[in-house]
Amino acid sequence: MSKMIFTADGVTKKFGGVTALDSVSMKIPKDSIFGLIGPNGAGKTTFFNTLTGLYQVDGGNFTFDDKPLNVKAPHEVAEVGIARTFQNIRLFGEMSVLENVMVGRHVRTKAGAFGAIFRPPSVRREEAETEARSRELLAYVGLERRAGEKSRTLAYGEQRRLEIARALATDPKLIALDEPAAGMNATETVELRKLIERIAKDGKTVLLIEHDMRLVMNVCHHIVVLDYGKKIADGTPAHIQKDAAVIKAYLGGAHGETK
Ligand SMILES: Nc1ncnc2c1ncn2[C@@H]1O[C@H](COP(=O)(O)OP(=O)(O)O)[C@@H](O)[C@H]1O
Ligand SMILES: [Mg+2]
């Protein structure tokens, strides 16, 4: 059996009367592309929010890299080696494309507030390295020529790729993408697929929430399906496509999204 980078065991999260996650368990093999799908409101984003420390769980636990994962705040999750993007893009619109990536990189630098203000030579050297690495990442996602522009001027698909570059800037072992193809056209989605495959080939594990079923079925090695907070299926794309409970969840529910 391949090595697991991440596990969830019985994870439960409630919001008032809504059980957004109902004892959800999964095991994510290292270096795989792992899909998390389900109709709107199934609990996918909540799963990301709990594993990244934005919300605390009401039950269950996570492991990451064979150790208990118990982050109390979002900045801690980057330090352990997990990065994410957001369903609703979160970029600094007035900052340049390059600066947005450099912000991500700063969790891996030592300077801190003192260094940022007084800028001793060690800090200037570190800044130069941060910039060089950030430019490499822009090239990796195909945005190197846009480095100097304000991020708000980018097209939607480009902003999504910039968010991925910023997430990669933290040197994560696991990168969690929340609907990265949303708002992308067919060409952009093909590029995104290649990018996701390259990230996995370069030795990172990808956890993908996505509504574009073609993308999910083509790119994922393994898929977990949530519906109303419960895991209803777990398997390969071929297995998931034939699963009666999955078909019912996608076709049957008034809450369903069938794209
Ligand atoms: N911060 C929150 N406060 C209250 N309810 C929430 C919150 N976040 C999510 N929910 C609820 O939890 C359920 C799952 O939502 P979500 O995780 O966003 O689903 P998905 O990403 O699969 O569409 C929904 O019923 C949603 O309304
Ligand atoms: Mg969501």
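As a starting point, this report considers the structure included with it. (Residues numbered from 1 in each chain as written. Chains lettered and ligands numbered in written order. Predicted model: local features only at pLDDT ≥ 70, side-chain atom pairs only at ≥ 80, totals over all residues.)

1. Quick look at the pairing of strand E7 (residues 174–178)
(1) Moving on: Counting buried positions over the five residues of E7 gives five, a clear majority of the element.
(2) Moving on: Across the two faces of E7 the burial is the same, with Leu-174, Ala-176 and Asp-178 and Ile-175 and Leu-177 all buried.
(3) Moving on: Two elements, strand E6 (residues 82–84) and E7, share three bridges in a ladder whose sense is parallel. Bridging across to E7, Ala-83 finds its partner in Ile-175.
(4) Moving on: Taken together, E7, helix H7 (residues 186–201) and strand E8 (residues 205–209) constitute a β-α-β crossover, and its handedness is right-handed. (Buried ≥ 20, exposed ≤ 12 C-beta atoms within 10 Å, placed from the backbone. Helix = DSSP H or I, 4+ residues; strand = E, 2+ residues; numbered from the N terminus. Pairing = 2+ DSSP bridges. Right-handed = clockwise from strand over helix to strand, strands pointing away.)

2. Remarks on the packing of helix H3 (residues 97–105) against helix H5 (residues 121–140)
(1) Moving on: Relative orientation of the contacting elements H3 and H5 amounts to 115°, with a least axis distance of 9 Å. On the basis of their axis angle, the class for H3 and H5 is roughly perpendicular. Crossing hand, H3 versus H5: right-handed. From H3, Val-97, Leu-98, Val-101, Met-102 and Arg-105 reach across to H5, where they touch Thr-130, Glu-131, Arg-133, Ser-134, Arg-135, Leu-137 and Leu-138.
(2) Moving on: When its residues are assigned to classes, the contact of H3 with H5 shows six nonpolar, two polar and four charged. (Axes fitted to C-alpha atoms, helices over the stretch in contact; angles between N-to-C directions. Parallel < 35°, antiparallel > 145°, perpendicular 65-115°, else oblique. Left-handed = near helix turned anticlockwise from the far one by under 90°. Contact = placed C-beta atoms within 7 Å. Nonpolar A, V, L, I, M, F, W, Y, C, P; charged D, E, K, R; others polar.)

3. Focus on the sheet that holds strand E5 (residues 67–69)
Within a sheet, adjacent strands bond to each other through the backbone by hydrogen bonds, running parallel or antiparallel.
(1) Moving on: Taken together, the four strands give an open sheet; going across it, the order is E2-E1-E4-E5, and neighbouring strands pair in antiparallel fashion. The strands lining the two open edges of the sheet, one partner per strand, are strand E2 (18–29) and E5. Within the sheet, the average angular offset between the axes of one strand and its neighbour, ignoring direction, is 25°.
(2) Moving on: Where strand E4 (residues 59–64) and E5 come together, three bridges link them in antiparallel fashion. Looking at the pairing, Phe-62 lines up with Leu-69 of E5.
(3) Moving on: Seen against the sheet, helix H1 (residues 44–51) touches strand E1 (4–15), E2 and E4 and runs at an angle of roughly 70° to E2.

4. Observations concerning helix H6 (residues 156–168)
(1) Moving on: With 13 residues, H6 should reach 18 Å at 1.5 Å per residue; the first-to-last C-alpha distance of 19 Å fits that figure.
(2) Moving on: Of all 13 residues making up H6, 10 are buried, and the element is well covered by its neighbours.
(3) Moving on: Elements in contact with the buried residues of H6: E6, H3, H5, E7 and H7. (Expected span 1.5 Å × (residues − 1).)

5. Topic: the site of ligand 1
(1) Moving on: In the vicinity of ligand 1, the contacting residues are Phe-15, Val-18, Ala-20, Gly-38, Asn-40, Gly-41, Ala-42, Gly-43, Lys-44, Thr-45 and Thr-46.
(2) Moving on: Breaking the shell around ligand 1 down by element, the ones donating at least two residues are E2 and H1.
(3) Moving on: Partitioning the shell around ligand 1 into residue classes produces four nonpolar, six polar and one charged. (Near = placed C-beta within 6 Å.)

6. A look at the packing of H3 against H6
(1) Moving on: One can describe the packing of H3 onto H6 by two numbers: an axis separation of 7 Å at closest approach and a directional angle of 35°. The crossing of H3 and H6 is right-handed. Here Val-97, Asn-100, Val-101, Val-103 and Gly-104 of H3 lie close against H6, whose contacting residues are Leu-162, Ala-165, Arg-166 and Ala-167.
(2) Moving on: Of the residues contributing to the contact of H3 with H6, the split by class is six nonpolar, two polar and one charged.

7. Notes on the sheet that holds E7
(1) Moving on: Ordered in space as E6-E7-E8-E3-E9-E10, the six strands form an open sheet in which the pairing is mixed. Edge positions in the open sheet fall to E6 and strand E10 (230–235), since each of these has one partner strand only. Here the strands of the sheet are splayed against their neighbours by 15° on average, with no regard to which way each runs.
(2) Moving on: Examined bridge by bridge, strand E3 (residues 33–37) and E8 share four bridges and lie parallel to one another. Its bridge partner lying in E8, Ile-33 is registered against Val-206.
(3) Moving on: Packing of H7 onto the sheet brings it into contact with E3, E7 and E8, and relative to E8 it is tilted by some 150°.

Coordinates in, geometry out; function isn't part of it.
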